[in-house]
Amino acid sequence: MMLYKLLSRLDQQRFSSRVVSLIPQGPIGEKIQSLGINVSDLGMRPGMVTPAAFYGLANLLVSWKPAIIQTWMYHADLLGLFISRVIRMPKLIWTIRCSNVSFNRYRPLTGLIAKLCALLSAIPDAIVVNSRAGMSHHVHLGYTARRMHLIVNGFDVERFCPDLGARFSVRRELGLPEDAIIVGLVARWDSLKDHSTFVQAASLIAREYNNIYFLLIGKDITWEAAKLATLVRDTGFQDRMILLGERDDMPRVTAAFDIACS
């Protein structure tokens, strides 16, 4: 989404952008294409860099001749580094958008790639991070501090703003009282997002207050997600915890929150 926001605000008269997804593109790829920006995908399986993907990306870059390659997250950072050296692209920028990652929660290859990136991190022309915590964490991992530049996330406060109508309409949609207090968590189902702690904390509050409801939104945040559903049901407060999955009306939904958790 942050890539989409960045591309939506770039002056397309000055900057001609193209996007390559390592894995088959999903809804965000479609949103980027709606901006009139070319989106290609390499058809990789998550976490699996294949020779075909390597050569496919190299051929795309040779034909496009970009002035800058900006890669997003560890796998793309490493792949972009190797390819930019092979075909001698002029400028390479890595992008890191996380902090305090517990690599034991992911495939062993992910931790290995992150460590390899740390060893090679003096080579890119710049490394963009979106938080001071992320910068500190990756310097601790061995990333080259002098390459890092902090650019925090930006949000459109004309879209994400108080909206009394949305506040009430979301409550009506969910069948909640108009005076219900809503605590929201917007995050995909991923161990890094720590839904377990959120659900445990929510259950403690639910015992004390009857008018507080907990709204969870994001990819795979549904009752079909077995682990999450079990977490919620084990609290005994599943009627107070609402799993909405992915939404495309987030400004409206967040306007209904009284408290937003991260």
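In this report, the structure presented in the accompanying data block is examined.

Attention shifts here to the overall build of the protein chain. The helix and strand inventory of the protein chain stands at 10 helices and 10 strands. Judged by the C-alpha coordinates and their principal axes, the protein chain covers about 60 × 40 × 35 Å. In the protein chain, which comprises 262 residues, the share counted as buried stands at 39%. Only carbon and sulfur atoms are counted for the fraction: they give 55% of the accessible area of the protein chain, which is about 15200 Å². Taking the average location of the 30 positive side-chain charges in the protein chain and that of its 22 negative ones, the two points are 11 Å from each other.

Turning next to the packing of aromatic side chains. The tally for this structure, following the rule as stated, stands at 3 aromatic pairs. Ring geometry for Phe 54 against Tyr 55: centres 5.8 Å apart, planes inclined by 85 degrees, an arrangement best described as edge-to-face. Considering the side-chain rings of Phe 198 and Phe 214, the 6.2 Å spacing of their centres and the 85 degrees angle between planes classify their relative orientation as edge-to-face. Here Phe 198 is found in helix α8 (residues 195–208), whereas its partner Phe 214 is found in strand β8 (residues 212–217), with 16 residues between them in sequence.

The next thing to look at is the pairing of strand β5 (residues 126–129). Side chains Ala 126 and Val 128 project from β5 onto one buried face, and the interleaved Ile 127 and Val 129 project onto a second face that is buried too. As judged from the 4 bridges shared by strand β4 (residues 91–96) and β5, these two strands associate in the parallel manner. Across the sheet, Trp 94 pairs through a bridge with Ile 127, a residue of β5. Here β5 runs beside strand β6 (residues 148–150); their pairing, made up of 3 bridges, is parallel.

Counting residues in hydrophobic clusters, the biggest one holds 28 residues, and the most contacted among them are Leu 42, Tyr 74, Trp 94, Ile 96, Ile 127 and Tyr 143. For this core, the secondary structure elements donating two or more residues are α3 (51–64), α4 (74–86), β4, α5 (108–120) and β5. Looking at this core element by element, the count peaks at 6 residues for α4. Apart from the residues within four sequence positions on either side, Ile 96 is in contact with Met 73, Asp 77, Ile 127, Val 128, Val 129, Asn 130, His 138, Tyr 143 and Met 148. In terms of nonpolar packing, the next biggest core, distinct from the first, is built from 17 residues, Ala 202, Val 232, Phe 237 and Leu 243 among them.

Here α4 contains 13 residues, and its C-alpha end-to-end distance of 19 Å stays within 8% of the 18 Å for a straight helix at 1.5 Å per residue. For α4, the tally of buried residues reaches 10 of 13 residues, placing the bulk of the element in the interior. Taken together, the buried positions of α4 are Tyr 74, His 75, Ala 76, Asp 77, Leu 78, Leu 79, Gly 80, Leu 81, Ile 83 and Ser 84. Looking at the buried side of α4, the elements it contacts are α3, β3 (68–72), β4, α5 and α6 (132–141). The first or second residue beyond α4 is Arg 88, which carries a positive phi of 60 degrees.

Right, let's talk about the pairing of strand β7 (residues 181–186) for a bit. Where β7 meets β8, 6 bridges bridge the pair, whose relative direction is parallel. Residue pairing in the sheet places Leu 185 in a bridge with Leu 216 of β8. In this view, the connection linking β7 to its parallel neighbour β8 by way of α8 has right-handed handedness. The pairing of β7 with strand β10 (residues 259–261) spans 3 bridges and is classified as parallel.

Here the focus is unusual backbone geometry. Phi at Met 73 takes a positive value of approximately 80 degrees, unusual for a residue other than glycine. With respect to the helices and strands, the residue Met 73 is situated in the loop between β3 and α4.

What follows concerns the side chain of Thr 95. Structurally, the position occupied by Thr 95 is in strand β4. Reaching out from Thr 95, the side chain makes a polar contact with the side chain of Gln 70 at a distance of 3.0 Å. The residues touching Thr 95, leaving out its near neighbours within four places in the chain, are Gln 70, Thr 71, Trp 72, Met 73, Asp 77 and Val 128.

Moving on to the sheet that holds β10. As summarised here, the arrangement of the 4 strands in space is β9-β8-β7-β10, forming an open sheet in which the pairing is parallel. The sheet terminates laterally at β9 (241–243) and β10, the two strands that pair on one side only. When the angles between neighbouring strand axes are averaged without regard to direction, this sheet yields 20 degrees. Sitting on the sheet, α8 touches β7, β8, β9 and β10, and the angle it makes with β8 is about 165 degrees.

Criteria and thresholds
Residues numbered from 1 in each chain as written. Predicted model: local features only at pLDDT ≥ 70, side-chain atom pairs only at ≥ 80, totals over all residues. Heavy atoms only, no water. Helix = DSSP H or I, 4+ residues; strand = E, 2+ residues; numbered from the N terminus. Buried < 20%, exposed > 50% of the residue type's maximum accessible area, 1.4 Å probe, protein only. Areas by Shrake-Rupley, 256 points an atom, 1.4 Å probe, with all protein chains shown as cover. Lys, Arg positive; Asp, Glu negative; His and termini not counted. Charge placed at Lys NZ, Arg CZ, Asp CG, Glu CD. Phe/Tyr/Trp six-rings, centres within 6.5 Å; stacked < 30°, edge-to-face > 60°. Pairing = 2+ DSSP bridges. Core = buried A, V, L, I, M, F, W, Y, C linked by side-chain atoms within 4.5 Å. Contact = heavy atoms within 4.5 Å. Expected span 1.5 Å × (residues − 1). Right-handed = clockwise from strand over helix to strand, strands pointing away. Polar contact = N/O pair within 3.5 Å; in protein donor to acceptor, adjacent residues only side chain to side chain. Axes fitted to C-alpha atoms, helices over the stretch in contact; angles between N-to-C directions.

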